[in-house]
Amino acid sequence: MMKRFLLIVCLFFVIELASQSNLNFGWLPKINVSKKLDDNIKWVNSIEAREDVYKESFHFSHNLVDVSTILSYRSDINESFNFGYIIRFKEGETIHRLLQHYNLIQNFEEIKLAHRLGLEQFFQSNVETQFRSRYRAILQKALSGEKVDVKEWYLKVSNEYLYQFNEKDLEIRLSPYLGYQFSKKDKIEFGLDYRLGGVLEAEKKNNLWFRTTWYISI
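All of the points below concern the structure found in this document. (Residues numbered from 1 in each chain as written. Predicted model: local features only at pLDDT ≥ 70, side-chain atom pairs only at ≥ 80, totals over all residues. Heavy atoms only, no water.)

So, on to the sheet that holds strand β9 (residues 169-183). Strand order in the closed barrel formed by eleven strands is β1-β2-β3-β4-β5-β6-β7-β8-β9-β10-β11, and the pairing between neighbours is mixed. Sheet twist, expressed as the mean angle between neighbouring strand axes with direction ignored, is 20°. (Pairing = 2+ DSSP bridges. Helix = DSSP H or I, 4+ residues; strand = E, 2+ residues; numbered from the N terminus. Axes fitted to C-alpha atoms, helices over the stretch in contact; angles between N-to-C directions.)

This is how it looks when you write it as structure tokens:
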């Protein structure tokens, strides 16, 4: 079943990318550092850059930086709530974002399925406040054994839908990743992050990112 799922994901990318002529490509490096404050509260901080590689032509240029801080409260063994703040520096502009997320994890025999439902608000000088909702589902499976252990690889596939209320715009994201668990407190993930914007518009926006994320728990 997993091989068939991977084949469907790959076919989606091939068909979608082959049909688009306005595809932009870039790199998303990210470092995520988390610390448990007690049994139910975790503090998560991250920094992520966005680097353009192809935009109408091949060139390398810096796009933006996001710095975030999030408090995650676990209300149940499989449920949690995130409350956070993100500041974005882009082309001389500063954008502030507040977020509220609900997370639910479902554990099956060999697969973990994580759901995230969220609301976000964007604040920027001389720009109307923006409101966005998002839903994300992530499937994770160990590539050897029933669960991910230290020194083992795993597969993660993410599918996300984001709706911008002010612009009445829908964006769809599909992201297959490979991950490696270095230790109990250290892992890395890398893969593709495809984003299809303007789904409800005549002209679509296509962005393909190569994402690398280093997770550190202290």
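The next subject is the pattern of salt bridges. The tally for this structure, following the rule as stated, stands at twelve salt bridges. Across the pair Glu120 and Arg132 runs a salt bridge whose closest N-O atoms are separated by 2.7 Å. Here Arg132 lies in strand β7 (residues 127-142) and Glu120 lies in strand β6 (residues 111-124), a separation of twelve residues in the sequence. Take Arg132: its relative accessible area is 11%, and that puts it in the buried class. A cluster of three or more residues bridged by salt bridges with shared partners is formed by Arg97, Arg116, Glu120, Arg132, Arg134 and Glu160. (Salt bridge = Lys/Arg side-chain N within 4 Å of Asp/Glu carboxyl O. Buried < 20%, exposed > 50% of the residue type's maximum accessible area, 1.4 Å probe, protein only.)

Another aspect to go through is the packing of aromatic side chains. Applying the stated criterion across every chain yields a total of six aromatic pairs. Taken together, a centroid distance of 4.8 Å and an interplanar angle of 55° make the contact between Trp153 and Tyr180 tilted. Placement of Trp153 in strand β8 (residues 152-164) and of Tyr180 in strand β9 is noted, with a sequence separation of 27 residues between them. Ring plane angle 90° and centroid distance 6.2 Å describe the contact between Trp153 and Phe190, whose orientation is recorded as edge-to-face. One end of the pair, Trp153, is in strand β8; the other, Phe190, is in strand β10 (residues 186-197), and 37 residues separate them in sequence. Classification of Trp153 as partly exposed rests on a relative accessible area of 39%. Under the relative-accessibility criterion, Phe190 is labelled partly exposed at 28%. The ring of Tyr215 carries the charged tip of Lys187 above its face, separated from the ring centre by 5.1 Å. (Phe/Tyr/Trp six-rings, centres within 6.5 Å; stacked < 30°, edge-to-face > 60°. Lys NZ or Arg CZ within 6 Å of the ring centre and 35° of its normal.)

Next up on the list: the pairing of β7. As paired elements, β6 and β7 share 13 bridges and run antiparallel to each other. Bridge assignment links Gln121 to a residue of β7, and that residue is Phe131. Linking β6 to β7, which pair antiparallel, is a turn of two residues; within it Asn126 sits at a positive phi near 60°.

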